[in-house]
Amino acid sequence: VVPSGDLFNALCEEKLLTGCAGENVVRFRPPLIVTEAESEESVQRLERACARLSGASAKKEAAQ
């Protein structure tokens, strides 16, 4: 579990348009017309951002 601000920043680095809506909510902001390929690419970007954050938090825990 990471703060939504951290996920928001990681998603910005992936060029994925989102917004924070509280401490644990990230809202996606897709265009009104989105293709299936674009949706799949967004999921891949989300997975990369989550993997990067998960690796960073694992390193932080190991250092403690």
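Right above here is the structure, for reference.
Our subject in this report is the structure included herewith.

Thresholds applied
Residues numbered from 1 in each chain as written. Predicted model: local features only at pLDDT ≥ 70, side-chain atom pairs only at ≥ 80, totals over all residues. Heavy atoms only, no water. Helix = DSSP H or I, 4+ residues; strand = E, 2+ residues; numbered from the N terminus. Buried < 20%, exposed > 50% of the residue type's maximum accessible area, 1.4 Å probe, protein only. Contact = heavy atoms within 4.5 Å. Areas by Shrake-Rupley, 256 points an atom, 1.4 Å probe, with all protein chains shown as cover. Salt bridge = Lys/Arg side-chain N within 4 Å of Asp/Glu carboxyl O. Disulfide = S-S within 2.5 Å.

1. Describing the overall build of the chain
Summing up its helical and strand segments, the chain has two helices and two strands in all. Ordered by position from N to C terminus, the α and β elements of the chain give α-β-β-α. Counting the 64 residues in the chain, one finds 19% classified as buried. Within the chain, counting contacts between residues at least 6 apart in sequence, those at least 24 apart form 40% of the total. Only carbon and sulfur atoms are counted for the fraction: they give 56% of the accessible area of the chain, which is about 5,000 Å².

2. Section: the pattern of salt bridges
Overall, the coordinates contain four salt bridges when judged by the stated rule. Glutamate 14 is the partner of arginine 52 in a salt bridge, and the nearest nitrogen-oxygen pair spans 3.1 Å. Of this pair, arginine 52 sits in helix H2 (residues 36-63) while glutamate 14 sits in the loop between helix H1 (4-13) and strand E1 (18-20), and the two are 38 residues apart along the sequence. Note on glutamate 14: relative accessible area 11%, which makes it buried.

3. Quick notes on unusual backbone geometry
Residues apart from glycine generally show negative phi values, whereas peptide bonds are mostly found in trans. Despite not being glycine, lysine 15 has its phi angle at roughly 65°, a positive value. Looking at the secondary structure, you find lysine 15 in the loop between H1 and E1. Taking the relative accessible area as the measure of exposure, lysine 15 reaches 68% and is therefore exposed.

4. Some remarks on the state of the cysteines
Applying the stated rule across the entire model yields zero disulfides. Counting only cysteine sulfurs, cysteine 12 is the nearest neighbor of cysteine 20, a cysteine outside any disulfide, at a range of 8.3 Å.

5. Looking at the side chain of serine 4
In this structure, serine 4 sits in helix H1. The class for serine 4 is buried, based on a relative accessible area of 7%.

6. A few points about the environment of glutamate 41
Turning to its location among the elements, glutamate 41 is positioned in helix H2. On the basis of relative accessible area, glutamate 41 is assigned to the partly exposed category, the value being 36%. Separated by 25 residues in sequence, glutamate 41 and leucine 16 place their C-alpha atoms 9.7 Å apart.

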